[in-house]
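So the chains spell out like this:
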Amino acid sequence: MSTLALVSNAWLDSSTEKIRSKPVPWEGYQRANLVTSEELALIKKVDRQTQAKVQSILVTDGPTYANLYLKLLKKLVRVDTMQYLLVMIGDALLDHDERIPLFTKQVDAEPELPYGPLLRACTTPDEFVQLKAVQILTTLLSSESGPLPNQHVQPFLNTLASLIHGASPHARDVAVQSLEALLTRTECRTAAWTMPNVVDGLVTILESNPSPQMCYQVGFCFWLLTFEQGIAEQINRKFDIIPLLMIIAQSVVKEKVQRVIVATYRNLVAKAPSQNLPAMLVAKLLPYVKNLSTRKWSDEEIVEDIEFLKEELTKNFESLTTYDEYTSELASGHLSWTPVHDSEAFWKENATKLNDKDYEQLKVLVKLLKESTDPVVLAVAAHDIGQYTKYYERGKKTLSDLGAKTRVMELMSHENSDVRYQALLTTQRLVSQAWVG
């Protein structure tokens, strides 16, 4: 496969065909002193010629034309001319990976080449210019043998993030494919992680009912990101991807989508178990993995990943007490009406455990009460504060000091009726002088 095909898009291909045959006013540029007579002579040799003829010229004069295209792209700003030059660069590279160094080695003659003009093209308002430049940059950057300098990676990732967040489906598709190629490199993963709008953009795509192919591509990006220890430790806390990937896994049956999600979960468990296992318990990952293990798979790697996950999750989950499950739910931030919340026996036995380690778990519960915007989480948290108060009367002062009492009273006027109801019950407990359970 040609390296240019790392980014492949039908709209980009059809637009390329149309632009290839459009005339460009080269003589006018020479009259305006925008191109030299030598540059004009070179460009006329390839302008609107057959592909076969252009390819034969590139065989003998490849370095000259690589330099010419990049220099013209650097100094000419008319959109139709930029479109044409990008098409010529793309044509030179298509199915000819051996020509990539003709472009990347231009840096030896001029430090701003090849990346300066291409990065500038990414900021042009014209969609074709942007996306064709992204396609070419992905090809050139992916071929570099050493680490990529931040001065190239950072602006390029900014461009990809804005395309992912934009309204154009072509742009989103091209940008995600480009990320798939770039995130195979450690320095790109690290740089992308410092730019929340990149990962946030990927999450937004998964939340918007994408096609199975887009699910796979975004999943592949997450899989690559989670090879980094620091990212694996923080990504679920920041972006909640464990339950999100579970939703995708349950709605998209294609094997390659399942495979990339399972591989991502494996990375999360292998790299950062303590940070990710609580959320996996709450997301019901073990039943999902057990179900997968009964299916027939064409790929051996997914079988290995499923077995690894099943063993690790079983080992960690089967010894858990009810209280462990409760603290896992707290840690995940996804409180829901699981049986422990309504169990009087649970609260009678465990209410005071929320006081351990300087009220560590109670503080987590109060934090959810203050910060969550999910009505289910708010209702459950308000209810749990009430249950804690019921079985540990002396906790009222601590709750007041933590701001929980004020927050529960605020929630009595919440728009959601269940939140209002639970807040009312808990407020009654917090303000009563003595509660007999």
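Residues numbered from 1 in each chain as written. Predicted model: local features only at pLDDT ≥ 70, side-chain atom pairs only at ≥ 80, totals over all residues. Heavy atoms only, no water.

**Some remarks on the packing of helix 17 (residues 273–282) against helix 20 (residues 322–332)**
Two elements in contact, helix 17 and helix 20, have axes whose closest approach is 8 Å; the angle formed by their N-to-C orientations is 105 degrees. Relative to helix 20, helix 17 is oriented roughly perpendicular. Here Pro 278, Ala 279, Leu 281 and Val 282 of helix 17 lie close against helix 20, whose contacting residues are Glu 325, Ser 328, Glu 329, Ala 331 and Ser 332. Counted by class, the contact of helix 17 with helix 20 contains 5 nonpolar, 2 polar and 2 charged residues. (Axes fitted to C-alpha atoms, helices over the stretch in contact; angles between N-to-C directions. Helix = DSSP H or I, 4+ residues; strand = E, 2+ residues; numbered from the N terminus. Parallel < 35°, antiparallel > 145°, perpendicular 65-115°, else oblique. Contact = heavy atoms within 4.5 Å. Nonpolar A, V, L, I, M, F, W, Y, C, P; charged D, E, K, R; others polar.)

**Some points on helix 19 (residues 300–317)**
The terminal C-alpha atoms of helix 19, which comprises 18 residues, lie 26 Å apart, in line with the 26 Å expected from a rise of 1.5 Å per residue. Turning to helix 19, its buried residues are Ile 302, Asp 305, Ile 306, Leu 309, Glu 312, Leu 313 and Phe 317. Within helix 19, the buried residues cover an arc of 140 degrees as seen down the axis, which keeps them to one side. Helix 19 presents Glu 300, Glu 311 and Lys 315 as exposed residues on the side facing more than 90 degrees away from its buried surface. (Expected span 1.5 Å × (residues − 1). Buried < 20%, exposed > 50% of the residue type's maximum accessible area, 1.4 Å probe, protein only. Arc of directions from axis to C-beta.)

**Re the layout of surface pockets**
As a volume, the largest pocket reaches approximately 830 Å³. Around the largest pocket, the lining comprises 26 residues; the ones closest to its centre are Leu 330, Ala 331, Ser 332, Gly 333 and Leu 368. Among the secondary structure elements, those contributing two or more residues to the lining of the largest pocket are helix 14 (229–239), helix 17, helix 20 and helix 23 (356–371). Split into classes, the residues belonging to the lining of the largest pocket amount to 8 nonpolar, 10 polar and 8 charged. (1 Å grid on protein atoms, 1.4 Å probe; cavity = no way out; pocket = protein on both sides within 12 Å on 5 of 7 lines; lining within 4 Å. Points joined across faces, edges and corners; volume = space filled by probe spheres on them.)

**Section: the nonpolar core**
By size, the foremost hydrophobic cluster in this structure holds 119 residues, and its most contacted members are Trp 26, Phe 222, Tyr 265, Met 280 and Tyr 288. It is helix 4 (residues 51–75) that provides the largest number of residues to this core, a total of 10 residues. In this view, Phe 222 contacts Val 199, Leu 202, Val 203, Leu 206, Ile 235, Ile 241, Leu 245 and Thr 264; residues no more than four positions away in its chain are not counted. Membership of the second largest hydrophobic core comes to 30 residues, among which are Leu 365, Val 377, Leu 378 and Ala 379. (Core = buried A, V, L, I, M, F, W, Y, C linked by side-chain atoms within 4.5 Å.)

**Side note on empty space enclosed by the protein**
Applying the stated rule across the entire model yields 1 cavity of 30 Å³ or more. Here the largest cavity is characterised by a volume of approximately 30 Å³. As for the largest cavity, its lining consists of Ile 19, Lys 22, Pro 23, Val 24, Asp 80, Gln 83 and Tyr 84. Considered class by class, the residues forming the lining of the largest cavity number 4 nonpolar, 1 polar and 2 charged.

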